[in-house]
Structure formats: structure tokens, C-alpha cells
Amino acid sequence: MLNDTICAISTALKDGAISIVRMSGDESFDIIRRISDVKKISANTIVYSHIRDEGKIVDEVLISFFAAGKSYTKEDMVEINCHGGVYVTRLILNLLLKNGCRLAEPGEFTKRAYLNGRIDLAEADSINDLIRAQSMIQARSAIRGMNGSVQHLIDPLMAEMKDVIAMIEVNIDYPEYEDETEMTDEVLAPYIEKWKAQCEEMIDKAERFRLIKDGLNTVIIGKPNVGKSSLLNALLQKEKAIVTDIAGTTRDLVEGKVSLKNVTLNLIDTAGIRDTKEEIEKIGIEKTFQALEEADLILLVVDASDIDEEDEALMRKYEGKNTVIVYNKSDLVKKGEISISARDHDIASLTDYLNERYKEDIDLAEEDILNNERQIAFMKMCYDELKTAYDHLGYVTTDVIVTDLDAAYHDLCQILGKEYQEDLIDHMFRNFCLGK
Ligand SMILES: Nc1nc2c(ncn2[C@@H]2O[C@H](COP(=O)(O)OP(=O)(O)O)[C@@H](O)[C@H]2O)c(=O)[nH]1
Ligand SMILES: [Mg+2]
């Protein structure tokens, strides 16, 4: 139900100087009149007042009034700034509930902002991203998203697709109308090809940026005793993992997070990969393989002073663009492009390399970009539909092609939530905080 009046505590529920209790809906102003000293309400003002329960003062507060149309939800809204004790805040919330409000679901204020047309779905995504941001780069990209960067990004593509779809429809519906360009396969092919490339570029940038934003799942692997745990410690600049000269010291996964200049690594140190009969170590090695499945980056460590066939086998096995071979123990022997001494925390050659490798991706923070998994998923579906359309060219009539293009267009609409599916929307907003 959209028109009932909802309320929630919008600030975190712990003792603090101030809490905010929020209300949105047609009855907001009536309800606040019933429980405070406020009689006459002027929109978009803040007043000093008291909240009362059956005449008795509950708290001394500031109340903000937002008139429908200009508020966060586009409905009449009231925000009560009360004293931040959990107890008092709850008393006020309960008073609102007693006087006709319903407790809001998580994200319901923002959901109303979306349903009432104040923001699109991509902007709603970004509000949640901003609340959950843990770093400057996450916060900055969320702010851009809140200000319509996704719409900016996909609008030109949507506009062109809509034009072309419309022209095909005209061709089909009015074959006698000869002024329109005939949308033959030859005319369509370059369009679809271009759109596919645009989708691919948007997906690629979004995925690269997601790694920059959230950090790369980085797994440190190698034989026992090559210095994996020493490397973890050197990167984290603290002695997190146990280092000994006994092979098989690390059995469990040891995790840590480090932000280098241009990239954040979510590090996992692992048990050395080798054949072993030792039960616990075996489980550790199994965990290593699991961690590798989710790796965005693999640091394969070898002992430069002692490279043998086992190292070479690992290098062959994990060769690829996500693997970086790290030659450790440079104090003994210098070898390879990336040569470090983990024990001595002399790892600049590795960190410089990584900063260089990701230096361009960090600039993506300044571009309009898809912000999260939901948006990327729809863009991928759009790409698939376009590919189907492209593959159909030459085999089917344009009325079939146009259904493919229509489907692609609808996927783009979904990114902005222009045609929403109710369950999807419910699911999305439930991840929000209470009171947002
Ligand atoms: N000389 C030298 N020894 C190192 C270096 N890094 C690690 N070691 C030693 O190698 C042994 C194994 O190190 P560790 O980090 O536990 O290796 P892991 O089994 O791969 O995790 C320890 O005795 C370390 O002190 C290094 O850069 N130079
Ligand atoms: Mg270790």
C-alpha cells in the first residue's frame, strides 16, 4: 500500500546526541499536530517544539516539515530531531505508531521516492552504495550515481535504439509509405554492431571499476616455504601470519586488506601447494583451490634462490593475465621482473607494478559508469539480445529482428527501473537500511 503514512527511526539505534524519526505520507502533518505543540504548519520550515503523550512532555525536539512534491519521497514528510537516547527515540516512534503510522520497511522511503518518480532505480542503487561506502572512491562513485550518471551513460544508446525500432515499426505497419528509410539488414547491421560494442565497453569498464572500488580478491600461492606468509605480512605491514622455516606452517586461509596507491587488495595467504599426507595441511590445500576459484589476482611466489620443477609446474598451470609471478628472496638471488625480499619488507617492485597496472582504471571513477551488479546484469542481457538480433540478420524478417531489439531495449529500461517488476523492486529495497 503506497498511500499509508510510514515512520521509522532513520539514525543508528544507539545512544547519541540526536536521533531522527521520520514520517512520510498524507497524514504526516495531522499526526504530528496530535503529538506535539505544533498547530500551524508551514512547509519547508523547522520549528522548536515538544512531543507529548497525553499531555505529558516526552522530549524537546526540532521538527522539520517537507511538503509533498519537494520532499525525499515526494510525499508530505516530517522529521523529528529528538534527543538521541535509544529509549526516548523509541518512545517517539511508538507514539507515531499509536497515532496511525505504520512502521516502514527497510528502504521504503527510498522506494517511494522511486515509485513517485523523484529518482530512477540506478540513482536508488547509488543511495544505498553511498550509505555503505567504505572508501573515498566508493563514496565518489555513489555520489555520481545519485546524480544521474547511469542515465547519462545509457541515454544516447536508448535514444538511438528507440529511433531505429520506431523506424522498423513504421516499415512494417505502413509498407506503402515510401518516404521512410527502409530498414534493411544492410542498414541495421552497422547499428546493431555499434550497440553491441557499446554494451561491451560499458560492461568491461564497470567490471574493471568494480575491482578498483571493492578491491581485488588476491590469492597468494606457491610451494611451501617460498615466503607467501612473509609477503602477506610485508603487504599488510604487520606480522599477521605465522612465518617459520617449517614447510606446511600455514594451513588455514589468512586474510587481510591493503590499499595501495591505485588499488585495494583483499589478500588471502594460503597453504603451500604440494603433495602431502598430513590431514590438516591437505584440508588447507583444498581451501587454497577454493580461494583460487574466486581470485581476481594471483600472486604466485617462488624462491628465486631455489626454483625447481614444482615451481615451474605451478607457473605453467596458473599462467595467465591474472597471475603475477613474484620472485622472492632477492637478498639471496635477484631474478625476474618482480623481485622482492618479503622478509626484509622490500616489496616496492611488486607494489609499483600493481599501481602501474591499475593506474588507468582508477580514472574510471571520473566517468559515467554502471555502478553495481544489478545494472551490469541487465546490460549483459541487453548485449545477449543484441547478439541474437545480429545473428538473426540475413535469416529472418525484420519483424523478428524487431522483437530482439525490443527485448534489448527493455533490458536498458530495467537499469533505470522504467518498467519495473514488483518482486525485483521489493528485493532491491529490502537491502536498504531502516528509515532510508
Ligand atoms: N632470505 C630470505 N628468506 C625469506 C624471505 N621471505 C621469507 N623467508 C624465509 O622463508 C621461510 C618461509 O617463509 P614463510 O613466509 O613462512 O613461507 P610460506 O611457507 O611460503 O608462507 C622463513 O624462514 C622466512 O624467514 C626473503 O625475502 N629472504
Ligand atoms: Mg605460510
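The structure presented is a predicted model; accordingly, all values stated were derived computationally and were not measured.

What about the site of ligand 1?
Step number 1: In the vicinity of ligand 1 lie 21 residues, with Gly227, Lys228, Ser229, Ser230 and Arg343 positioned nearest.
Step number 2: For the shell around ligand 1, the residue count by class is 5 nonpolar, 11 polar and 5 charged.

Observations concerning the domain arrangement of the protein chain
Step number 1: Here the protein chain is partitioned into domain 1 (6-119) and domain 2 (121-417).
Step number 2: Here the C-alpha centroids of domain 1 and domain 2 sit 42 Å apart.

With respect to the packing of helix α6 (residues 149-173) against helix α7 (residues 185-214)
Step number 1: Running from N to C, α6 and α7 cross one another at 160°; their axes reach a closest spacing of 11 Å. Taken as axis vectors, α6 and α7 run roughly antiparallel relative to one another. Here α6 runs over α7; the crossing is left-handed. Only Tyr191, Trp195, Gln198 and Met202 of α7 make contact with α6, whose side of the interface consists of Leu153, Leu157, Met161 and Val164.
Step number 2: Tallied by class, residues from the contact of α6 with α7 come to 7 nonpolar, 1 polar and no charged.

Side note on the pairing of strand β9 (residues 264-269)
Step number 1: With respect to burial, β9 is a largely interior element, 5 of its 6 residues being buried.
Step number 2: Judged from the 5 bridges that link them, strand β7 (residues 216-222) and β9 form a sheet pairing that is parallel. Note on β9: the bridge partner recorded for Val219 is Ile268.
Step number 3: Of the strand pairs in this sheet, strand β8 (residues 254-259) and β9 are connected by 6 bridges, and their pairing is antiparallel. By the bridge assignment for β9, Val254 is matched with Asp269.
Step number 4: Hairpin geometry of β8 and β9 is characterised by an intervening segment of 4 residues between the two adjacent antiparallel strands.

As for the sheet that holds strand β2 (residues 18-24)
Step number 1: Taken together, 6 strands build an open sheet; the order of strands is β3-β4-β5-β2-β1-β6 and the sheet is mixed. Each edge of the sheet is formed by a strand with only one pairing partner; in this case those strands are β3 (45-53) and β6 (102-103).
Step number 2: Strands β2, β3, β4 (56-66) and β5 (77-83) of the sheet are contacted by helix α1 (residues 28-35), whose axis makes an angle of about 35° with β5.

Things to note about the sheet that holds β9
Step number 1: If you walk across this open sheet you meet the 5 strands as β8-β9-β7-β10-β11, and the pairing is mixed. Of all strands in the sheet, those with a lone pairing partner are β8 and β11 (323-328), marking the two edges. The sheet shows a mean angle of 25° between the axes of neighbouring strands, taken without regard to direction.
Step number 2: Contacting β7, β10 (297-303) and β11, helix α10 (residues 309-318) crosses the sheet at an angle of about 165° to β10.

Each value, and the rule that gives it
- Residues numbered from 1 in each chain as written.
- Chains lettered and ligands numbered in written order.
- Predicted model: local features only at pLDDT ≥ 70, side-chain atom pairs only at ≥ 80, totals over all residues.
- Near = placed C-beta within 6 Å.
- Nonpolar A, V, L, I, M, F, W, Y, C, P; charged D, E, K, R; others polar.
- Domains from an automatic or database assignment.
- Axes fitted to C-alpha atoms, helices over the stretch in contact; angles between N-to-C directions.
- Helix = DSSP H or I, 4+ residues; strand = E, 2+ residues; numbered from the N terminus.
- Parallel < 35°, antiparallel > 145°, perpendicular 65-115°, else oblique.
- Left-handed = near helix turned anticlockwise from the far one by under 90°.
- Contact = placed C-beta atoms within 7 Å.
- Buried ≥ 20, exposed ≤ 12 C-beta atoms within 10 Å, placed from the backbone.
- Pairing = 2+ DSSP bridges.

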